[in-house]
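Overview (structure and organization)
Chain by chain, the residues:
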Amino acid sequence: MKSSKIITIGIKELAHQKVILAAWYNFLKENFDAKKVSAEEFTLFLQAHVMYDLDKDQIELMLSGSEPLLEEFKKSIFG
């Protein structure tokens, strides 16, 4: 298994959290089906940690994965 990295995505609205988590799940599922992610990695990377940043008054989603996988995901959602 490749070494894991973490990205943090700041979210102001709870509805946005649902959209990001759904996009992350679908992205991982597509990569699992394409054999780019193992079953072990899929299960591990699917776990998203949530933190509340008092200073910024926003939710922080912390997604883990390999660096290339996270870069590809960021490109897919942020353009």
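Being a predicted model, the structure only gives us computed values, none of them experimental. (Residues numbered from 1 in each chain as written. Predicted model: local features only at pLDDT ≥ 70, side-chain atom pairs only at ≥ 80, totals over all residues. Heavy atoms only, no water.)

**Side note on helix α1 (residues 14–33)**
Taking 1.5 Å per residue, 20 residues should reach 28 Å; α1 reaches 29 Å between its end C-alpha atoms and fits that length. Among the residues of α1, those classed as buried are Q17, I20, W24, F27, L28 and N31. Angularly, the buried residues of α1 cover 95° about the axis, an arc narrow enough to put them on a single face. Along α1, exposed side chains directed more than 90 degrees from the buried face belong to K18, V19 and E30. Close packing links the buried residues of α1 with β1 (5–11), α2 (39–46), β2 (49–53), β3 (58–65) and α3 (67–78). Where α1 ends, the next residue or the one after it, K35, has phi of about 65°, a positive value. (Helix = DSSP H or I, 4+ residues; strand = E, 2+ residues; numbered from the N terminus. Expected span 1.5 Å × (residues − 1). Buried < 20%, exposed > 50% of the residue type's maximum accessible area, 1.4 Å probe, protein only. Arc of directions from axis to C-beta. Contact = heavy atoms within 4.5 Å.)

**Some words on the pattern of salt bridges**
Overall, the coordinates contain two salt bridges when judged by the stated rule. Between E71 and K74 there is a salt bridge, and its shortest N-O distance comes to 3.3 Å. Taken together, the residues span about one helical turn, with E71 and K74 both in helix α3 at a distance of three residues. (Salt bridge = Lys/Arg side-chain N within 4 Å of Asp/Glu carboxyl O.)

**Remarks on the sheet that holds β1**
The three strands lie next to each other as β1-β3-β2, forming an open sheet whose pairing is antiparallel. In this open sheet, the two strands that pair with only one neighbour each are β1 and β2. Strand-to-strand twist across the sheet, computed as the mean angle between neighbouring axes with direction ignored, equals 25°. Here β2 runs beside β3; their pairing, made up of five bridges, is antiparallel. Bridge pairing in β3 places D53 opposite Q58. Packed onto the sheet, α3 meets β1 and β3 and runs at close to 25° relative to β1. (Pairing = 2+ DSSP bridges. Axes fitted to C-alpha atoms, helices over the stretch in contact; angles between N-to-C directions.)

**Things to note about the environment of M51**
For M51, the position within the fold is in strand β2. When residues no more than four places from it in sequence are discounted, the contact partners of M51 are Q58, I59, E60 and M62.

**Remarks on the packing of aromatic side chains**
A ring pair, where both rings are aromatic, is described by two values, the distance of the centres and the angle of the planes. Summed over all chains, the structure comprises five aromatic pairs. Measuring from centroid to centroid gives 6.0 Å for W24 and F27, while their planes differ by 15°, and the two rings are stacked. With W24 and F27 both in helix α1 and three residues apart, the pair spans about one turn of that helix. Among the residues examined, W24 registers a relative accessible area of 1% and is labelled buried. With a centroid separation of 4.8 Å and 70° between ring planes, the pair formed by W24 and F73 is classed as edge-to-face. On the criterion of sequence distance, the pair formed by W24 in helix α1 and F73 in helix α3 is long-range, its members being 49 residues apart. Side by side, W24 and F73 carry an identical accessibility label, which is buried. Each member of the aromatic cluster is reached from another via a ring pair, and the members are W24, F27 and F73. (Phe/Tyr/Trp six-rings, centres within 6.5 Å; stacked < 30°, edge-to-face > 60°.)

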